[in-house]
Amino acid sequence: MSSMSNVAGLSKWIRTLPNAKSSVLMIIILSFIIGVLLFLLQPVNVGNGLEDFFYGGAFGFVVFGLPAIITGSTDQLWVESLNGINLKAKHSMFLALVSMSLAGIVGIIGTAVGLIFNMDLFFNSILFACVIAFGFNILVILATTRIKLFNSFVIAIIQPLLMIGMLIITSFLNNIDYIFSLGYITTIFKVLIASVIFLIAIYAFISVVESPMKKNLGFGAMEILSYFILHMNEGTNTIEQLFDNAGEAIDTLVGVASFRRLDGSIKALFLSPCVHPGPLGDIGGSNMPTILANSFDAFTMVAHGPSTHDFNPVSSDEIVKIEDAVRKALDNMEYSPKASEFIRYSYKKANVGVQFFKNGTIMLSTFAPSGSDDIEYAVGLAAMIESQKELGTENNILVDCHNSFNEEKGGVLPGNPELFQLIDTIKLIEPLDLEHDIKIGCYYTDLGGFDKHQGIGESGLKTMVVEVNGQRTAYVLFDSNNMELGYRETIFNAVKDLDIDEIEVMTTDTHTVNTLSAGYNPVGTVEKEKIIEFVKISINEAIKDLEPVEAGTNTERILNLKTFGPNNSTELISTISSIVAVSKIIAPLTFIVAIIFVIIWIFVL
């Protein structure tokens, strides 16, 4: 699996947390259950069986639940007062819920082990559970809130100390036989020392995973994690500042095909910027296809030009530079009312559908039905230069249809066999004269409100039907990140009965859909039949919209576009992938050692 696949796979951990009220309810229920289970393992006879049951539940709520509710309510206020981020009410209460649950599980296991070996480990097990709760608290707070170490320690230790306090109170009020053999101060000191051991382990772990990224890119893994969570929670793009500081300015290309009505107004634009719509969510250029399309009054399709994550804009503000290049291309556009028919060529895995317009072509490239990912910019540029030489046309707009997803298959890079297959396919193309009038029809649909859950971005589905010499070709564009392997061919078969002769389906490669579990989230993994019905509707409606137009093509340079950069993007992805791989070894090792020391400190010394 590629580094990018490893990183994309991390999104499976992204979940929507329950609201604070739901977490409080779960705290009450689970703490009651924890108390009951503890008293079943360590019976304390205070009455009949039913009374013991409710007494155990009350004990669990007071010792485990009440501290969780208190800290869940106050941690958010502490973090906000220290100018921290990310810990809103529902996050604070959920953190308290998880910490309490971990403590309860550890307490139950420890008491059960004591029962098996005929040892009284009830009290020490709860002390150990308090330390585990602290460890989880400090890890989450340090990693996500951007507050200092000491402040994080103070906030994280409150819940464990409250648990100990409640345990002391309930023990003495009810005369439990195993009242502390240690004094109060000694007990609290024991927990504090154990917590410091965990703190050292967690700080060492964070320092190790932070170091490579800070050294290579100037910001740490925890920094990017915390700002990414902030983006997910509040929609802020603070994370773009990190990318901007590490980014590089590049020059790249955008291909523009314009279709003008006979009265001189533009009916439709077909754009193929060699800029990658990433990295994910609404960060950087992830929503570029929609933002760029909305910059123009005419119906606008923003296809995926040859580019990889190296060419991710560092912020959405950079997209205006693409718009400027498109407008410059339109100012210098030459139109003709004539065009060629749409013809397909293929060589081995490479397939190219081509249509000639004034001064250039639209070339739709795909490796379907074989799996593929992004065509790298250098590969696309080589193909465009080859097409200029072979076809004698100046403005050849190459589109990476991005319609055959295979997670195990990387992008098309220089030196890959696919590069030469693409170039050899272009060599097969025969230049065609512009002999026939053009009609086009357009249609947009949001697919009935489909969204990220169906792999559909904000621009939904856009279809343009081009009619030349009686031949109708449907250009179908999903605002999606790639397409499930084989779904392209399924769509082709489904529209055979429609009044069209050719069709190609494409995706914009928007990364706004990548914030969900399943990582890439290509279109066609769910709601297959419903989506196909919308494709049929869009084609039929576009046919109804057909009218005579003039067409022109142009390519223009996008100047000084701030992107991740050819080196930084690869560095970021590979570093994150390496951190994930190394953490799988270091994290268990670090925490196992810390747990061993804490167990010795609490249970032995």
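The structure displayed is predicted, hence computed values, not measured ones. (Residues numbered from 1 in each chain as written. Predicted model: local features only at pLDDT ≥ 70, side-chain atom pairs only at ≥ 80, totals over all residues. Heavy atoms only, no water.)

**Details of the pairing of strand E2 (residues 266-273)**
Using the following cut-off: When accessible area is computed with a 1.4 Å probe and restricted to protein chains, residues below 20% of their type maximum are described as buried, those above 50% as exposed, and intermediate ones as partly exposed. A helix here means a DSSP run of H or I that spans at least four residues, while a strand means a run of E at least two residues long, and both kinds are numbered starting from the N terminus. Two strands pair under a simple rule: DSSP has to find at least two bridges between them. Look down the strands so they point away from you; if going from the first strand over the helix to the second traces a clockwise path, that crossover is right-handed.
In terms of burial, E2 is a largely internal element, seven of the eight residues being buried. Pairing of strand E1 (residues 248-261) with E2, which is carried by seven bridges, proceeds in the antiparallel orientation. Across the sheet, Val254 pairs through a bridge with Pro273, a residue of E2. From the end of E1 to the start of E2, which pair antiparallel, there are four residues, and Gly264 there has a positive phi angle of about 100 degrees. Pairing geometry for E2 and strand E3 (residues 299-302), over four bridges, is parallel. Pairing of Leu271 across the sheet is with Val302, part of E3. In this region the chain leaves E2, passes through helix H10 (residues 288-293) and returns to the parallel neighbour E3; the handedness of that crossover is right-handed.

**Section: the environment of Glu394**
Quick note on the threshold: Two residues qualify as a contact provided that any one of their heavy atoms is within 4.5 Å of a heavy atom in the partner residue.
Mapped onto the secondary structure, Glu394 falls in the loop between helix H12 (377-391) and strand E8 (395-400). Considered as a pair, Glu394 and Lys452 are 58 residues apart in the sequence and their alpha carbons are 38 Å apart. Look past the residues within four positions of Glu394 in its chain and what remains in contact with it is Asn359 and Gln388.

**Quick word on the sheet that holds E8**
Definition in use: The axes used here are C-alpha line fits, helices contributing only the stretch in contact, and every angle between their N-to-C directions lies in the interval 0 to 180 degrees.
Across the sheet, which stays open at both edges, the four strands sit in the order E5-E6-E7-E8 with mixed pairing between neighbours. Across the chains shown, the open sheet's two edge strands, defined by having one partner strand only, are strand E5 (343-347) and E8. The mean angle between the axes of side-by-side strands here comes to 25 degrees, regardless of whether they run parallel or antiparallel. In this sheet, E8 lies alongside strand E7 (residues 360-366) in parallel orientation, the contact comprising six bridges. Paired with Met363 across the bridge in E8 is Leu398. The sheet contacts of H12 involve strand E6 (350-357), E7 and E8, and relative to E8 the element is tilted by about 140 degrees. Relative to E5, helix H13 (residues 417-428) is tilted by about 135 degrees, and along the sheet it contacts E5, E6 and E7.

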